[in-house]
Amino acid sequence: MDGFDLRAPLTKGVTVLEASAGTGKTYTIAGLATRHVAEGLELDQLLVVTFTRLATGELRERVRERLVSAERALRTGVIEDGDDLAAFLAAEDREVRRARLARAIATFDSATIATTHQFCLEALGSLGFTGNVERDCAFVEDVSDLMDDVVNDLFVRRFVGERPRFARSEAMAVARAAIEHPSTRLVPEAAAPQSDAAMRVRLAHAARGELERRKRLGSLMTFDDVLTRLADALTGDGGEQVAARLRARYRVVLVDEFQDTDPVQWQIMQRAFDHPDGTLILIGDPKQAIYAFRGADVYAYLDAARSASALGTLDMNWRSDQRLLDAYDLLFGNAKLGHPDIDYRSTRATPTHEATRLHGAPVDAALRIRVLDRTAARTTRGGFASAQPARERIAADCARDIAALLNAEPEITRGTAGAEPRKVKPGDIAVLVRRNQDAALVQEELGRVGVPAVIAGAGSVFGTDAARDWLALLEALERPSSVGRVHAAALTPFIGWSAGQVAGADDPAWETVHDQLHAWAQVLRDDGVAALLQAVTVESSLPARVLGFDGGERVLTDLRHIGQLLHASSMEEGLGAAALTQWLRRRILEAKTEGDEERARRLESDAEAVQVLTIHRSKGLEYPIVYCPFLWDPSWIPDDALPVFFHDEDGARTLDVGLSDAAYRAHQEAERAEERGEDLRLAYVALTRARHQAVIWWAGSWDSRNSPLSRLVFSRAEDGSVPADGPKEVPSDDEAMARFAALGGDGCISVERAPGAGLLAEWSAPSGGRGSWRRRRSAGESTGRGGGRRTATSPRPRTSRSARSRRVTRSRTSGRWRWWWRSRIPLRRCGGCRLRWPIFRAACGSARSCTTCSRRWTSPRRICSGRWAWRCARRWRTGGWRSGTRTCWLPRWPESWGPRSSTGSRCAPSARATGWTSWGSSCRWRVRRRRGRSGRCCVRPCRPRIRCSPTRIGSRIRCCARCSAAF
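Residues numbered from 1 in each chain as written. Predicted model: local features only at pLDDT ≥ 70, side-chain atom pairs only at ≥ 80, totals over all residues. Heavy atoms only, no water.

Visitor: What is the right way to look at the overall build of the protein in this model?
Guide: When its secondary structure is counted, the protein shows 27 helices and 32 strands. Counting over 967 residues, the protein shows a buried share of 51%. Residue pairs at least 24 apart in sequence account for 72% of intrachain contacts in the protein once pairs closer than 6 positions are excluded. As presented, the protein carries roughly 44500 Å² of accessible surface, and 49% of it is formed by carbon and sulfur atoms. (Helix = DSSP H or I, 4+ residues; strand = E, 2+ residues; numbered from the N terminus. Buried < 20%, exposed > 50% of the residue type's maximum accessible area, 1.4 Å probe, protein only. Contact = heavy atoms within 4.5 Å. Areas by Shrake-Rupley, 256 points an atom, 1.4 Å probe, with all protein chains shown as cover.)

In structure tokens form, the structure reads like this:
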């Protein structure tokens, strides 16, 4: 495949350009538009198509800027260095081309730069009756409610009077998969007529037809209907006339991000613009095809590439340093990323990026590979690292490494002569993860070391606590006289009561709350949600109260975002309080499956902070330094009986809804192989976001053998094919480090051992900067953590979430650092203030209360001789205290506790809790010796007539903690 040059002769027919990450895809599109306009194309005859509204706005600005810069260069004769296109246009017919560009700039509003759906809607509108669009039809984004009605009616109609042969949830899964992909072929086609598989196929076809009928009756249209109806117009009677009209309207068509297309969109473009007299240029990168869950099909791109009349590639990388590109070449090699026709391609950096632009970092290598010591995390019986403890350790190590990087104050140069270097800031760093829960984990660990971090678009805003707070408020406004609803609303940020206030409030206080809710309900009925939010903000001092807590910016942003969505829904659909409550309740239930841009969580702050975001959301973005902590962790593929998408031998996308035969199991394996291939492309997308340095981790868990990193390094064949399954055996840590080191690279790759525990490096923002995101307390305000005072930029001691980590804190009296051990109990948030790790203070007798919200806890938790801290935990969870057996899990004997006593370095387990007691400088479980098999663990070494009882942990039996006698 030859390199593409903007100065090459313009071609007709279909051209496919493969643009690897960082090679200037948007720049090329703007250059092509400028070249065609300068050669005589009228701007209104140019069509530029992309796939998101945000990308449309950016592309429109870039095209206009390129037209303006080219016209200025031709008018003034001053051509910037590296602007080869302007120099080429100025070589011949300079004044004629300048006039054409000036006319295009003056009429730029006539340019059609739109999403695929916007183009199809405009095309249908221009076709009139042929477009088959109902008059005054309403466009809706979500037809889930109508789909539920269709499935319920079909299910009841089929199984009325008899026992259903499969569950309604299964029927809903089959119907939803068939409806969301209306052009996908359904199998099995040859199943026995009376079998369950054939019945599911008939259900899928019936659901498609019935939903379409009801949408027509209700004059409803979805954006997918726009695509299918234009495709039907092009393939039906009179399709050639429709295609001719579109070709006469648009002589040149540029399609961006074509790897994210689907078969229907490719069918539209091919039938309308694949003509000898037209120009259709498709630009994309199959290595970045990662949106299969949204319906994108990389096989459509591959089909277009096979049928194209010309192929080209962009091989100049404008983003990354050459050392980083060299490291990627060593890591990926000749790998095929999920398909034999999707090859990794090497690119070269621009001359200004040949030297590294990052100076002074703790590690100079462009690609850093850190191998977690699996003994630092909890290991399984087979000696592999447990997945969740390994994630927590790596998240803590990632935060520690970022803090160390910021403390080193490295500098970034722009690569041009005379450019002033600047220091690395938190906003220059991005942490890319696969799951939203991993993003929350990384953000929490960054907070422990004092580094500000924000999560960009971590899922739907309806899946947050703010959505549930809005639901509680709307339910209370619907029935302000309901005691339970009013109590629930009082605990929301809108009223701001703590659990202690709710428990101890008297009647006058509740009367005030009831009157307030009645007044807000009247505002909602008369003026709508926007007025309600304004009234709540002013009357209850919502911003001041919410911003007083750590993470308040996040909560306030979500509350306002949901308020805006509620207002838009109420205005568009005319919903009252009751209907609005039902609407919000459905959105909360569907939050995990929503992918709308408008409902994605917004950034809570524009301050300088580390960006934590998913790999899918990072596509199209770039950052100076990128951390990828979880490329060792494969994506989870469920084994449940669900509809399966796969591609047949001809590359056609197929949906198996049979769910029961041997062919279905083979189709499950095919789908699994395709998803593993997409994991490889996700790794490519994540790593290629970096400009100067990328940091990745590897951990030796059992499932890590199927991760993209393990398969790339340990399982890649000589021809570049990467199997869906990794090596049969997980390599040891030493073997993994040796294999990573064998990649070579002359210093562009470093292999490091990730420590499992240690001091958490604290980072404070430089003086005079924008500072940390935490608020600054007043001089006399208590921190709630031991009675000391702390400012926003002073170190804040934090603990690792791991079971055996140590915490370092500062003594108020001596001012020295001392070590103490924290229990391995997985602690939860306080039920009153929802803050993590609030320290409890003595309230009344043996009860404890939270220092922040004063919520009382009447069941005190047992602690070990003052060396353990009281913590806020709503209930115990299996993990620290096993199956009712109280066991002290001290990892080793601290030297500061003095010599060991006769009780040993562990507290012996007991069948019942009898309390902790101090024993010198250690701790001891108070037990009684008893004969027989039911006797408790002995205090002194076991004697023949005193037997130790085992400690059961689920189905596993541990040995005696005192004498190590196995059971």
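Visitor: Mind showing me how you'd approach the sheet that holds strand β5 (residues 185-187) here?
Guide: Backbone hydrogen bonds hold the strands of a sheet together, and the pairing may be parallel or antiparallel. Pairing within the open sheet is mixed, and its 3 strands lie in the order β5-β21-β20. Each having just a single partner strand, β5 and β20 (644-647) make up the two edges of the open sheet. Between one strand and the next, the sheet's axes are offset by a mean angle of 35°, whatever the strand orientation. As judged from the 3 bridges shared by β5 and strand β21 (residues 653-656), these two strands associate in the parallel manner. If you follow L186 over to β21, its bridge partner there is L655. (Pairing = 2+ DSSP bridges. Axes fitted to C-alpha atoms, helices over the stretch in contact; angles between N-to-C directions.)

Visitor: Where do I start with the UniProt feature "binding site: ATP" (unreviewed entry) in the protein in this structure?
Guide: Feature annotation in UniProt places "binding site: ATP" (unreviewed entry) on A19, S20, A21, G22, T23, G24, K25 and T26, given in this structure's numbering. Tracing the backbone through its elements, the reader meets G22 in the loop between β1 (13-19) and α1 (25-38). Contacts of G22, omitting those with residues within four sequence positions, involve M316, N317, W318 and R319. Its location among the elements puts T23 in the loop between β1 and α1. Owing to a relative accessible area of 4%, T23 belongs among the buried residues under this scheme. For T23, the residues in contact, after removing those within four places along its chain, are L314, M316, N317, W318 and T347. (UniProt positions renumbered as here; feature names shortened; annotations may be inferred.)

Visitor: Help me out: how do you make sense of the packing of helix α17 (residues 483-490) against helix α19 (residues 507-527) in this one?
Guide: Contact pair α17 / α19: the axes reach a minimum separation of 11 Å and the direction vectors enclose 90°. Of the possible angle classes, the one that applies to α17 and α19 is roughly perpendicular. Contact with α17, carried on its side by V486, H487 and A490, involves W510, V513, H514 and L517 of α19 and no other residues of that element. For the contact of α17 with α19, the residue count by class is 5 nonpolar, 2 polar and no charged. (Parallel < 35°, antiparallel > 145°, perpendicular 65-115°, else oblique. Nonpolar A, V, L, I, M, F, W, Y, C, P; charged D, E, K, R; others polar.)

Visitor: Explain the packing of helix α16 (residues 465-478) against α17 to me, please; I cannot follow it from the model alone.
Guide: Helices that pack against each other are described as a pair by the angle of their axes relative to one another and the distance between those axes. Contact geometry of α16 with α17 gives a least axis separation of 8 Å together with a crossing angle of 145°. The interaxial crossing formed by α16 with α17 has left-handed handedness. From α16, A472, L473, E475, A476 and E478 reach across to α17, where they touch R485, V486, A488 and A489. Of the residues in the contact of α16 with α17, the class split is 6 nonpolar, no polar and 3 charged. (Left-handed = near helix turned anticlockwise from the far one by under 90°.)

Visitor: Explain a nonpolar patch on the surface here, please?
Guide: There is a patch of nonpolar side chains on the surface, built from L121, F139 and F223 and spanning about 230 Å² of accessible area. Here F223 shows up in helix α9 (residues 223-235). (Patch = residues over 30% accessible without salt bridge, like charges linked within 9 Å, V, L, I, M, F, W, Y side chains within 5 Å. Salt bridge = Lys/Arg side-chain N within 4 Å of Asp/Glu carboxyl O.)

Visitor: What is the right way to read a negative patch on the surface from this model?
Guide: A surface patch of negative charge is lined by D506, D507, E511 and D515. Its location among the elements puts D506 in the loop between α18 (499-504) and α19. (Lys, Arg positive; Asp, Glu negative; His and termini not counted. Charge placed at Lys NZ, Arg CZ, Asp CG, Glu CD.)

Visitor: Honestly, the sheet that holds strand β12 (residues 358-359) in this entry has me stumped. Any pointers?
Guide: Strand order in the open sheet formed by 3 strands is β12-β14-β15, and the pairing between neighbours is antiparallel. Two strands bound the open sheet, and with one partner strand each, they are β12 and β15 (422-423). Examined bridge by bridge, β12 and strand β14 (residues 411-412) share 2 bridges and lie antiparallel to one another. Bridge pairing in β14 places H359 opposite E411.

Visitor: I'm lost on the pattern of salt bridges in this one. Help?
Guide: Note on pairing: side chains with opposite charge can pair once their charged atoms come close. Under the definition given, this model contains 59 salt bridges. Note that E39 and R97 form a salt bridge whose closest N and O atoms lie 3.1 Å from each other. Here R97 lies in helix α4 (residues 94-106) and E39 lies in the loop between α1 and β2 (46-50), a separation of 58 residues in the sequence. Assessed through its relative accessible area of 31%, E39 is described here as partly exposed. Salt-bridge contacts for D225 lead to K215; the nearest nitrogen and oxygen are separated by 2.8 Å.

Visitor: I tried to follow the packing of aromatic side chains on my own but got confused; where do I start?
Guide: Scanning the entire structure with this criterion turns up 21 aromatic pairs. When the ring of Y27 is compared with that of W318, the centres are 6.1 Å apart and the planes differ by 40°; the resulting orientation is tilted. With Y27 in helix α1 and W318 in the loop between β10 (316-317) and α13 (322-332), the pair connects residues that are 291 residues apart, well separated along the chain. On the basis of relative accessibility, which here comes to 31%, the residue Y27 falls in the partly exposed class. The partly exposed category is assigned to W318, whose relative accessible area is 49%. Considering the side-chain rings of F332 and Y344, the 5.1 Å spacing of their centres and the 15° angle between planes classify their relative orientation as stacked. Of this pair, F332 sits in helix α13 while Y344 is found in the loop between α13 and β11 (348-349), placing the two residues 12 residues apart along the sequence. Site record: aromatic cluster; members linked through ring pairs are F119, Y250 and F273. (Phe/Tyr/Trp six-rings, centres within 6.5 Å; stacked < 30°, edge-to-face > 60°.)

Visitor: Explain the nonpolar core here, please?
Guide: Residues F119, F273, I402, Y627 and L687 are the most contacted members of the largest nonpolar core, which totals 125 residues. Considering every element that reaches this core, the biggest residue donor is helix α14 (residues 387-408), with 9 residues. Setting aside its immediate chain neighbours within four residues, F273 contacts L47, F119, L246, R247, Y250, V253 and L280. Core analysis: the next-biggest nonpolar cluster, separate from the first, contains 40 residues, A489, L532, V546 and L566 among them. (Core = buried A, V, L, I, M, F, W, Y, C linked by side-chain atoms within 4.5 Å.)

Visitor: Sorry, what's going on with the pairing of strand β18 (residues 610-614) here?
Guide: Each regular strand displays side chains that alternate between the two surfaces of the sheet. By the criterion of burial, β18 is predominantly enclosed, with 5 of the 5 residues buried. Because side chains alternate across β18, one face comprises the buried residues V610, V612 and T614, and the other comprises Q611 and L613, equally buried. Judged from the 4 bridges that link them, strand β16 (residues 429-433) and β18 form a sheet pairing that is parallel. Bridge pairing in β18 places A430 opposite Q611. Relative to β18, strand β17 (residues 453-456) is paired through 4 bridges, and the arrangement is parallel. Looking at β18, one finds that A456 is bridged to L613.

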